[in-house]
Number of protein chains: 2
Amino acid sequence: MTSDTRSEVSASAPLRRLTGMRATVLHGERDIRLDDVPDPAISAPTDAVVRVVAACVCGSDLWGYRGVTPTREPRRIGHELVGIVEEIGSAVARVSVGDFVIAPFYFCDNTCANCRNGVSTSCLHGGWWGSDDRDGVFVDAAQGERVRVPLADGTLVPTPEVPDDALVPSLLTLADVMGTGHHAALSAGVREGSTVVVVGDGAVGLCAVLAARRLGAARVVAMSRHETRQAIAREFGATDVVAERGDAGIARIKEMFDGIGPDCVLECVGTAESMDQAIRSARPGGMVGYVGVPNGGAELPIRTLFGTNVGVNGGVAPVRGYIEEFLPEVLSGALNPGLVFDLELPLEQVAEAYAAMDERRATKVLLRP
Amino acid sequence: MTSDTRSEVSASAPLRRLTGMRATVLHGERDIRLDDVPDPAISAPTDAVVRVVAACVCGSDLWGYRGVTPTREPRRIGHELVGIVEEIGSAVARVSVGDFVIAPFYFCDNTCANCRNGVSTSCLHGGWWGSDDRDGVFVDAAQGERVRVPLADGTLVPTPEVPDDALVPSLLTLADVMGTGHHAALSAGVREGSTVVVVGDGAVGLCAVLAARRLGAARVVAMSRHETRQAIAREFGATDVVAERGDAGIARIKEMFDGIGPDCVLECVGTAESMDQAIRSARPGGMVGYVGVPNGGAELPIRTLFGTNVGVNGGVAPVRGYIEEFLPEVLSGALNPGLVFDLELPLEQVAEAYAAMDERRATKVLLRP
């Protein structure tokens, strides 16, 4: 069946009857459940419905889980998924029913002025999983059985064929953490020969190590005191590991780089402490690339930055634009960011997945509906 | 006379007897005087003594003059100068007695790790006019008759010959404002085809317009409500002038650039208001290059920056590294940043120079000792 025929079939005749599904709902602090929810359905002609093959838990999901961000009412959660297209709207042309697709952690048209500038996270028509789209219609979150995907042509990236199951973890990282780590590296200006320090040993920090080496960094220091993560960092190409933090960590880093610090620091945590460490570690004239969702009240210290000419660049990573670049490398096995998943659970055990990440028993948990 | 012979002569035999000189001293709020002070003398073998041919008043000098920065005790002031080398220490090899030289607004060795990285304002052995050097010996400020120049080989850039007097204003801008405007543009990543907004119509802002066009910017908007400065901005290549400020200015700018804003915003003021305007004017994924000395208590709003992927880069401009690049263009007349000087006074009238800038009767005042 060609893409065209599949497209025509599915636009006119959904493949199965919709009868409700299960999806993850955050009810309050440390209260995460798999609830029965309405099945998604095509709402706009640019929509698709995707059956989730794999989703996962993000470090940023823990802010709500831990109560750092209060949960005023139960809400659907999860923003990373790969899956199979089950249905498409009549205006969808670039993905077809049956396609295996990667969805970034947001939806976007991939054609507006901001998307064309490479900032699809600021898409003029885009939005976020688990909240309403621009038409006011609810969009499912990723930790569930199925999702409605707005702007499917812009949002979804299909693989050439349905990939081997062993590739699913690495493909799933392209939905967020691999692209986010790459964005930190790009934002910090990492290039051939750069010296780099990565603050944060979560999945994003580890992917930032991999991304920095891929971009040609000569030396990449992973800041980590966690043995398993140190091992992944080394596997990803970290040349050094530093366990010290705060002033001791900064002193160690300065000493490693001519007494002045590295060219680039990748901030992959989002706390006031980690950003302070990043800014004070960089050499004069260096750049901090940051992708950790800012948490806590601290703003950026302009006088320190001004005096040292350390720049700060980054933000919510426009990973949609990076997926096509990584895809051939992942499919060939040359790039294996899926190593960040050290636990896989069925979706039924989503509560255990959150607990394992919260207690740092797992770096990143893959969920199979 | 070759450079070598001049060097040997001067190292052993100063050309004139030192008998004291006059230099500008800030005594307190709006109390600026030309006082009798000790004549400079070679202190280290790497020193030179330079007779000031022209100096000027910087916007940042006004913070002290206006009492925004309190003056606890009388202090020498001024950091921009061109002059003639009168004496050199025995270890000085790259400048000679009789050379016409440009001094950046700080001194530096131009060889340390930070200088090699292009961040000579963070020179490991450098310092600031009007304060002590690393040996604890006082260094004259620029608004005087003569200065001792530490690290003369690194700090001073000689012209091939003593230039025509008409070139002095443009050469003097290489000591600070032209290089600082250029640093704002470089820090914001201005390149061929960039869209640029410049916040601030002081001498630095105007030079930033010139620098942005020189780097190939396709469109450069000067934010200014001051007719004389608007005219200089247009002469320097501004394609548009916007008089509105704050929210109205931002709305106007967004409208001019596809509703999203320009690629690059150059912040050349240093107040909380100007930085806020700069950050909120840039398009998502854009970059703010800032060189205005931060004044007032506001830090940088990390959530706004994170959400929009607007980066902030810049700081105290390492202009020493830019002088050689500009010099041929200034000497040939191709680049004429000296237009920012709209008042020239003898050093005796330094108080009037400060008053004229304080009251915005002059954009920038050139002083002749």
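Residues numbered from 1 in each chain as written. Chains lettered and ligands numbered in written order. Predicted model: local features only at pLDDT ≥ 70, side-chain atom pairs only at ≥ 80, totals over all residues. Heavy atoms only, no water.

The condition that has to hold: UniProt positions are given in the numbering used here, feature names are shortened, and annotations may be inferred rather than shown by experiment.
Identification of chain A as Enoyl reductase (ER) domain-containing protein from Flavimobilis marinus is taken from an unreviewed UniProt entry. Quoted verbatim from the Sequence similarities (unreviewed entry) heading of the UniProt record, the comment on chain A is "Belongs to the zinc-containing alcohol dehydrogenase family."

**Remarks on the overall build of chain A**
Going by this rule: Each helix corresponds to a stretch of at least 4 residues labelled H or I by DSSP, and each strand to a stretch of at least 2 residues labelled E; elements are numbered beginning at the N terminus. Between the two quantities, the radius of gyration covers C-alpha atoms and the globule rule is 2.2 Å times the number of residues to the power 0.38. It only takes one pair of heavy atoms within 4.5 Å for two residues to be counted as in contact. Using a 1.4 Å probe, the Shrake-Rupley method yields the accessible areas, and only the shown protein chains count as cover for residues. Under the convention used here, Asp and Glu are negative, Lys and Arg are positive, and both His and the chain ends fall outside the count. Here the site of a charge means atom NZ of a Lys, CZ of an Arg, CG of an Asp or CD of a Glu.
Helix and strand counts for chain A come out as 13 helices and 16 strands. In terms of overall size, chain A behaves like a compact globule, its C-alpha atoms giving a radius of gyration of 20 Å where 369 residues would be expected to give roughly 21 Å. If one aligns the C-alpha atoms of chain A with their principal axes, the spans along those axes are about 65 × 40 × 35 Å. Restricting the contact set of chain A to residue pairs at least 6 apart, pairs at least 24 apart contribute 67%. For chain A, the accessible surface area stands at approximately 13700 Å², while carbon and sulfur atoms represent 49% of it. Averaging the positions of the 34 positive and the 48 negative side-chain charges in chain A gives two centres separated by 4 Å.

**Points about the interface of chain A and chain B**
Convention followed: Throughout, buried area stands for the accessible area (probe radius 1.4 Å) lost by two parts on being put together, summed over both. Here a salt bridge means any side-chain nitrogen of Lys or Arg lying within 4 Å of a carboxyl oxygen belonging to Asp or Glu. Here a polar contact is taken to be a pair of N or O atoms separated by no more than 3.5 Å, where protein atoms must pair a possible hydrogen donor with a possible acceptor and residues adjacent in sequence count only if both atoms sit in side chains. Charged means Asp, Glu, Lys or Arg here, nonpolar means Ala, Val, Leu, Ile, Met, Phe, Trp, Tyr, Cys or Pro, and polar covers whatever is left, Gly included.
Listed by partner, the interface residues are 41 residues for chain A and 41 residues for chain B. Taken together, both faces of the contact between chain A and chain B bury some 3100 Å²; the carbon and sulfur share is 57%. On the chain A side of the interface with chain B, the three residues burying the most area are Ile302, Phe306 and Asn309 of chain A, jointly 23% of the side's total. Taken together, chain A and chain B are joined by 2 salt bridges. Close ionic contact of Arg303 of chain A with Glu299 of chain B constitutes a salt bridge, the shortest N to O distance being 3.8 Å. Counting the contacts that link chain A with chain B gives 14 residue pairs in polar contact (both at pLDDT 80 or more). For the side of chain A that touches chain B, the elements supplying multiple residues, two or more each, are helix H3 (113-116), strand S13 (287-290), helix H11 (302-308) and strand S14 (311-314) of chain A. Counting residues per element, the side of chain A that touches chain B draws most heavily on H11 of chain A, which supplies 6 residues. Looking at the side of chain A that touches chain B, its residues break down into 21 nonpolar, 17 polar and 3 charged.

**Let's talk about the pairing of strand S12 (residues 264-267) of chain B**
Residues and elements named next belong to chain B. Threshold: Partly exposed residues are those whose accessible area sits between 20% and 50% of the maximum for their type, while under 20% is buried and over 50% is exposed, using a 1.4 Å probe and protein chains only. What makes two strands pair is DSSP finding at least two bridges between them. For crossovers, right-handed means that the path from the first strand over the helix to the second runs clockwise, given strands pointing away from the viewer.
Because side chains alternate across S12, one face comprises the buried residues Cys264 and Leu266, and the other comprises Val265 and Glu267, equally buried. Bridging between strand S9 (residues 195-199) and S12 involves 4 bridges; their strand directions are parallel. Counterpart to Val197 in the pairing with S12 is Val265. As paired elements, S12 and strand S13 (residues 287-290) share 4 bridges and run parallel to each other. Paired with Val265 across the two strands is Val288, which belongs to S13. This β-α-β element, S12 to helix H10 (residues 272-281) to S13, shows right-handed connectivity.

**Side note on the relation of the copies chain A and chain B**
Inclusion rule: The least-squares superposition of copies is restricted to C-alpha atoms, and to residues with a pLDDT of at least 70 in both copies.
Expressed as a screw transformation, the operator carrying chain A onto chain B has a rotation angle of 180° and an axial translation of 0.0 Å, and the superposed copies differ by an RMSD of 0.0 Å. Put plainly, the chains are arranged around a two-fold axis. Among all C-alpha atoms of chain A, that of Leu300 of chain A lies closest to the rotation axis, at 2.3 Å. Taken together, the interface assignments show that 100% of the residues at the interface of chain A recur at the interface of chain B, consistent with an identical surface on both copies.

**Quick notes on the nonpolar core**
For soluble globular proteins, nonpolar side chains are generally found buried alongside one another. Applied cut-off: By convention a nonpolar core is built from buried Ala, Val, Leu, Ile, Met, Phe, Trp, Tyr and Cys residues, the set being connected through side-chain atoms within 4.5 Å.
Grouped together as the largest cluster of nonpolar side chains are 102 residues, with contacts concentrated most on Leu266 of chain A together with Leu266 of chain B. Beyond its immediate stretch of four places on either side in the chain, Leu266 of chain B contacts Ala184, Ala185, Ala188, Val190, Val196, Val197, Val198, Val199, Ala208, Ala212 and Gly289 of chain B. Counting 60 residues, the second largest nonpolar core, distinct from the first, contains Val197, Ala282, Ile302 and Val319 of chain B.

**Observations regarding the pattern of salt bridges**
Residues and elements named next belong to chain A. Tallied over the entire structure, the rule returns 54 salt bridges over all chains. Lys364 is the salt-bridge partner of Glu80, the closest N and O atoms lying 3.0 Å from each other. Taken as a pair, Glu80 in the loop between strand S4 (75-76) and strand S5 (81-88) and Lys364 in the loop between helix H13 (350-358) and strand S16 (365-368) lie far apart in primary sequence, 284 residues in all. The buried category is assigned to Glu80, whose relative accessible area is 1%.

**What to know about the confidence of the model for chain A**
Applied cut-off: Predictor confidence is given residue by residue as pLDDT, running from a minimum of 0 to a maximum of 100.
Averaged over chain A, the pLDDT score is 94; the fraction of residues at 70 or greater is 95%. Below a pLDDT of 50 lies the segment residues 1-17 of chain A, which in the model reaches 21 contacts outside its immediate sequence neighbourhood of four places, other chains included.

**Looking at the packing of helix H6 (residues 177-187) of chain B against helix H12 (residues 320-332) of chain B**
Residues and elements named next belong to chain B. We apply this condition: An axis is simply a line fitted to the C-alpha atoms; with a helix, the fit covers only the stretch in contact. Between two such axes, the angle follows the N-to-C directions and lies from 0 to 180 degrees. Geometric relationships in this document are graded by angle, where less than 35 degrees denotes roughly parallel, more than 145 denotes roughly antiparallel, 65 to 115 denotes roughly perpendicular, and other angles denote oblique.
Packing of H6 against H12 leaves a shortest axis separation of 10 Å and a crossing angle of 105°. By the angle between their directions, the pair H6 and H12 is classed as roughly perpendicular. Taken together, the residues of H12 that come into contact with H6 (itself represented by Met178, Gly179, His182, His183 and Leu186) are Tyr322, Glu325 and Phe326. Among the residues forming the contact of H6 with H12, the class breakdown is 4 nonpolar, 3 polar and 1 charged.

**Brief notes about unusual backbone geometry**
Among all residues except glycine, the phi angle is most often negative; among peptide bonds, the trans geometry is most common. Residue and element names in this part refer to chain A. With phi around 55°, Arg30 is a residue other than glycine that occupies positive phi space. Of note in this structure, Arg360 is not a glycine but carries a positive phi near 55°. Position of Arg360 among the secondary structure elements: in the loop between H13 and S16.

**With respect to the pairing of S13 of chain B**
Residue and element names in this part refer to chain B. Of the two faces of S13, the one lined by Met287 and Gly289 and the one lined by Val288 and Tyr290 are each fully buried. Both S13 and strand S14 (residues 311-314) contribute to a ladder of 4 bridges, which runs parallel. Within the sheet, the bridge partner assigned to Met287 lies in S14 and is Gly311.

**Some words on the packing of aromatic side chains**
Which entries qualify depends on this criterion: By convention, a stacked pair of Phe, Tyr or Trp rings (six-membered ring in the case of Trp) has centres within 6.5 Å and planes under 30 degrees apart, an edge-to-face pair has planes over 60 apart, and any other such pair is tilted. By definition here, charges over rings are those cases where NZ of Lys or CZ of Arg is within 6 Å of the ring centre and within 35 degrees of the ring normal.
In the structure shown here, the tally under the stated rule is 12 aromatic pairs over all chains. Ring geometry for Tyr290 of chain A against Phe306 of chain B: centres 5.8 Å apart, planes inclined by 55°, an arrangement best described as tilted. Taken together, the residues Tyr290 of chain A in strand S13 and Phe306 of chain B in helix H11 (residues 302-308) connect one chain to another. Taking relative accessible area as the criterion, Tyr290 of chain A reaches 1% and is therefore assigned buried. Through pairs of rings, three or more aromatic residues link up here, namely Phe105, Tyr106 and Trp128 of chain A. Of note, Arg219 of chain A hangs over the ring of Phe257 of chain A, and the distance from its end group to the ring centre comes to 5.0 Å.

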